[in-house]
Amino acid sequence: MNRAVSRLVYRLILRLHPASFREEFGPEMLWIFEQEQQPGATVHFFLDGTLSLLRQRFTFENDSGQLSIASGVLITGPGIGPVRFLQAAIALSLLCLGLMLLRVPNPLNASVTWADRMSCYTVTLQAPSHAEVVLQTTP
Amino acid sequence: MPAKNAKSPPLSSATLHILLALAGGNLHGYGIIKEVARNSDGHYRLGPGTLYDNLKKLIGTGLVADVPTSSSKRKAASAQEEDRRFFSLTREGKDALAKEVDRLQGVVTKAKARLQEARTGRA
């Protein structure tokens, strides 16, 4: 993923944190992200940022405005509203998008290979407009 | 305050690593992350979210404190790091860390004894 895009995604994750936490630690977190920004580390940072967001938004305390857990049932306090759930959903969506961008190969040029005890097949999928499947059997 | 409580609950892994890193001296957030990685031979990777989430709690409970910008105890390696926020271990933090290390020492001692029993039982 492009450095500028990953920085933007991380900034968005930080933006979804509660204002008090963001103002206190946001610049430090962004600085660390920039210092450690490497291809493999980006997913770790996105996951960590999202988990931090969820922890900050849904602290398991029994006061108003926080998410409470009692007898296995989730009860939302009076201060928690659909906006917070929406923010968490957006954060999770961003995380999934980041993972997709990093992990999924180009679907127009996918190559799948598998083997079983009897034979080995190689299936090559090309552009959908002229889809072609090549099967090779090895003895 | 948890540190003064004789029966304080076990510290989480992240908290233990943060306190251990700060026991070596005052550090900023990135310094703590690097120190934790060094102490654990790279096996434990602390993310900034987890770090500051824990630091917020530790500051709230008085185990960790901010180091003032003007303090001579700040050890910035570069000019860029001088603007960063530094943290230090308080006396309560040191006590909490010492208690946790004692507790873990007890766990290790018991574990070794159990393993020894299991070995002699098999033999």
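Since we're looking at a predicted model, the values are computed, not measured.

The rules behind the values
Residues numbered from 1 in each chain as written. Chains lettered and ligands numbered in written order. Predicted model: local features only at pLDDT ≥ 70, side-chain atom pairs only at ≥ 80, totals over all residues. Helix = DSSP H or I, 4+ residues; strand = E, 2+ residues; numbered from the N terminus. Buried ≥ 20, exposed ≤ 12 C-beta atoms within 10 Å, placed from the backbone. Contact = placed C-beta atoms within 7 Å. Nonpolar A, V, L, I, M, F, W, Y, C, P; charged D, E, K, R; others polar. Axes fitted to C-alpha atoms, helices over the stretch in contact; angles between N-to-C directions. Parallel < 35°, antiparallel > 145°, perpendicular 65-115°, else oblique. Pairing = 2+ DSSP bridges. Expected span 1.5 Å × (residues − 1). Arc of directions from axis to C-beta. Core = buried A, V, L, I, M, F, W, Y, C linked by C-beta atoms within 7 Å.

1. A closer look at the overall build of chain A
Looking only at helices and strands, chain A features four helices and four strands. Overall, chain A shows an N-to-C arrangement of helices and strands of α-α-α-β-β-α-β-β. Each of the 139 residues in chain A was classed as buried or not, and the buried ones make up 17%.

2. Considerations on the overall build of chain B
If you tally the helices and strands in chain B, you get five helices and three strands. Taken from N to C terminus, the helices and strands of chain B fall in the order α-β-α-α-β-α-β-α. Evaluated residue by residue, chain B yields a buried proportion of 29% over its 123 residues. Sequence separation of at least 24 residues holds for 62% of the intrachain contacts in chain B that already meet a minimum separation of 6.

3. Points about the interface of chain A and chain B
Opposite the 15 residues of chain A that make contact, chain B presents 13 residues. Going through the elements one at a time, α2 (19-36) and α3 (41-57) of chain A are the ones with two or more residues in the side of chain A that touches chain B. Among the elements that line the side of chain A that touches chain B, the one with the most residues is α3(A), at eight residues. Looking at the side of chain A that touches chain B residue by residue, the class counts come to seven nonpolar, five polar and three charged.

4. What to know about the packing of α2(A) against helix α2 (residues 29-39) of chain B
Closest axis-to-axis distance for the α2(A)/α2(B) pair is 9 Å, and the angle between their directions is 50°. One finds that α2(A) runs oblique with respect to α2(B). Contact residues: α2(A) offers A:E28, A:I32 and A:Q35, while α2(B) offers B:G29, B:Y30 and B:I33. Split by residue class, the contact of α2(A) with α2(B) holds three nonpolar, two polar and one charged.

5. Notes on the sheet that holds strand β1 (residues 27-28) of chain B
All names here are of chain B. Across the sheet, three strands lie side by side as β1-β3-β2; this open sheet has antiparallel pairing. This sheet does not close on itself; its edge strands, each paired only once, are β1 and β2 (64-67). Inspection of the sheet shows β2 paired to strand β3 (residues 86-89) by four bridges, in the antiparallel sense. Paired with D66 across the strands is F87, a residue of β3. Its contacts with the sheet place helix α1 (residues 13-23) against β1, β2 and β3, and it is angled at close to 95° to β3.

6. Thoughts on α3(A)
With 17 residues, α3(A) should cover 24 Å at 1.5 Å per step; its first-to-last C-alpha distance of 24 Å lies within 8% of that length. All of the buried residues in α3(A) are A:T42, A:F45, A:F46, A:D48, A:G49, A:T50, A:S52 and A:L53.

7. Focus on the packing of α1(B) against α2(B)
Residue and element names in this part refer to chain B. In the contact formed by α1 and α2, the axes pass within 9 Å of each other and the chain directions differ by 100°. Viewed along their axes, α1 and α2 adopt a mutual orientation that is roughly perpendicular. Between α1, through H17, I18, L20, A21 and L22, and α2, the contact on the second element is made entirely by I32, E35, V36 and N39. In terms of residue class, the contact of α1 with α2 is built from six nonpolar, two polar and one charged.

8. A closer look at helix α1 (residues 3-15) of chain A
Within an α-helix, residues lying three or four positions from one another point in the same direction, as the helix has 3.6 residues per turn. Residue and element names in this part refer to chain A. Over its 13 residues, α1 extends 18 Å from the first C-alpha to the last, a length consistent with the 18 Å expected when each residue adds 1.5 Å. Taken as a whole, α1 has its buried residues at S6, V9, Y10, I13 and L14. In a view along the axis of α1, the buried residues occupy a sector of 140°, so they form one face of it. Residues of α1 that are exposed and angled more than 90 degrees away from the buried face: A4, V5 and L8.

9. Side note on the nonpolar core
Ranked by size, the top nonpolar core spans 35 residues in total, and within it A:I13, B:I18, B:L22 and B:I32 carry the most contacts. For this core, the elements supplying multiple residues, two or more each, are α1, α2 and α3 of chain A together with α1, α2, α3 (48-60), β3 and α5 (91-122) of chain B. By residue number, the principal contributor to this core is α2(A), which donates five residues. If sequence neighbours within four positions are ignored, B:I32 has contacts with B:I18, B:A21, B:L22, B:L27 and B:L51.

10. Section: the environment of B:K34
Residues and elements named next belong to chain B. Relative to the helices and strands, K34 is located in helix α2. Taking the number of C-beta atoms within 10 Å as the measure of exposure, K34 has 17 and is therefore partly exposed. For the pair K34 and A21, spaced 13 residues apart in sequence, the C-alpha separation works out to 8.9 Å.

11. Side note on the environment of B:G29
For B:G29, the location among the structural elements is in helix α2. Among the residues examined, B:G29 registers 22 C-beta atoms within 10 Å and is labelled buried. Sequence separation of B:G29 and B:L55 is 26 residues, and the distance between their C-alpha atoms is 9.1 Å. Apart from the residues within four sequence positions on either side, B:G29 is in contact with A:E28, A:I32, B:P48, B:L51, B:Y52 and B:R85.

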